[in-house]
Amino acid sequence: MKKKYESGIFCKDIKCERHGVLEGYTGAAYLKKKAVHCKECSAWQFFTWLKDRDYRIVLTVPEISSKELAARLKGIDPVKVKDLTEDEILCL
């Protein structure tokens, strides 16, 4: 299920102790106040870096093995090629 973004959603998820000051703000006012209040926060710096470069986080996935990734890239069921190496899978 896709969650709609709300001001401060990340801060609330990680239970940031500094977020309380920003609770009454939303939208542009929230972002303006947060830029000053959270300028030393590593998470905020990361999200600002993403925004400045027009990147976005779409979806995170659990780590998978390189063999499974190779099989998925080729559109093959990983179970069917479990005895092959990554190179052999990619050559199919």
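To be clear, the structure that these remarks concern was listed above.
Just so you know, these numbers come straight off a predicted model, no measurement behind them.

So, how was this worked out
Residues numbered from 1 in each chain as written. Predicted model: local features only at pLDDT ≥ 70, side-chain atom pairs only at ≥ 80, totals over all residues. Heavy atoms only, no water. Patch = residues over 30% accessible without salt bridge, like charges linked within 9 Å, V, L, I, M, F, W, Y side chains within 5 Å. Areas by Shrake-Rupley, 256 points an atom, 1.4 Å probe, with all protein chains shown as cover. Salt bridge = Lys/Arg side-chain N within 4 Å of Asp/Glu carboxyl O. Helix = DSSP H or I, 4+ residues; strand = E, 2+ residues; numbered from the N terminus. Buried < 20%, exposed > 50% of the residue type's maximum accessible area, 1.4 Å probe, protein only. Contact = heavy atoms within 4.5 Å. Polar contact = N/O pair within 3.5 Å; in protein donor to acceptor, adjacent residues only side chain to side chain.

**Side note on a nonpolar patch on the surface**
- Residues Phe-10, Ile-14, Phe-46, Phe-47, Trp-49, Tyr-55 and Ile-57 make up a contiguous nonpolar surface patch of roughly 690 Å² in combined accessible area.
- It is helix α3 (residues 42-52) that provides the largest number of residues to the nonpolar patch, a total of three residues.
- For Ile-14, the location among the structural elements is in the loop between α1 (9-13) and α2 (27-37).
- Using a relative accessible area of 47% as the deciding quantity, one classes Ile-14 as partly exposed.

**As for the environment of Phe-47**
- As for its placement among the helices and strands, Phe-47 is situated in helix α3.
- Taking the C-alpha atoms as reference points, Phe-47 and Ile-57, 10 residues apart in sequence, are found 9.4 Å from one another.
- When residues no more than four places from it in sequence are discounted, the contact partners of Phe-47 are Phe-10 and Ile-57.

**Brief notes about the side chain of His-19**
- The residue His-19 is located in the loop between α1 and α2 in this model.
- Given the relative accessible area of 5%, His-19 is considered buried.
- At 3.0 Å, the side chain of His-19 and the side chain of Glu-23 are in polar contact.
- With residues near it in sequence (within four places) discarded, His-19 still touches Gly-8, Cys-11, Lys-12 and Tyr-30.

**Observations regarding unusual backbone geometry**
- With a phi close to 60°, Asp-54 is a non-glycine residue in the positive phi region.
- Structurally, Asp-54 is set in the loop between α3 and α4 (66-74).
- Judged by relative accessible area, Asp-54 falls into the exposed class, the value being 72%.

**Quick word on the pattern of salt bridges**
- The tally for this structure, following the rule as stated, stands at one salt bridge.
- A salt bridge links Arg-72 to Glu-68, with the shortest nitrogen-to-oxygen separation between them at 2.6 Å. Residue Arg-72 and its partner Glu-68 are both found in helix α4; the two are separated by four residues, about one turn of the helix.

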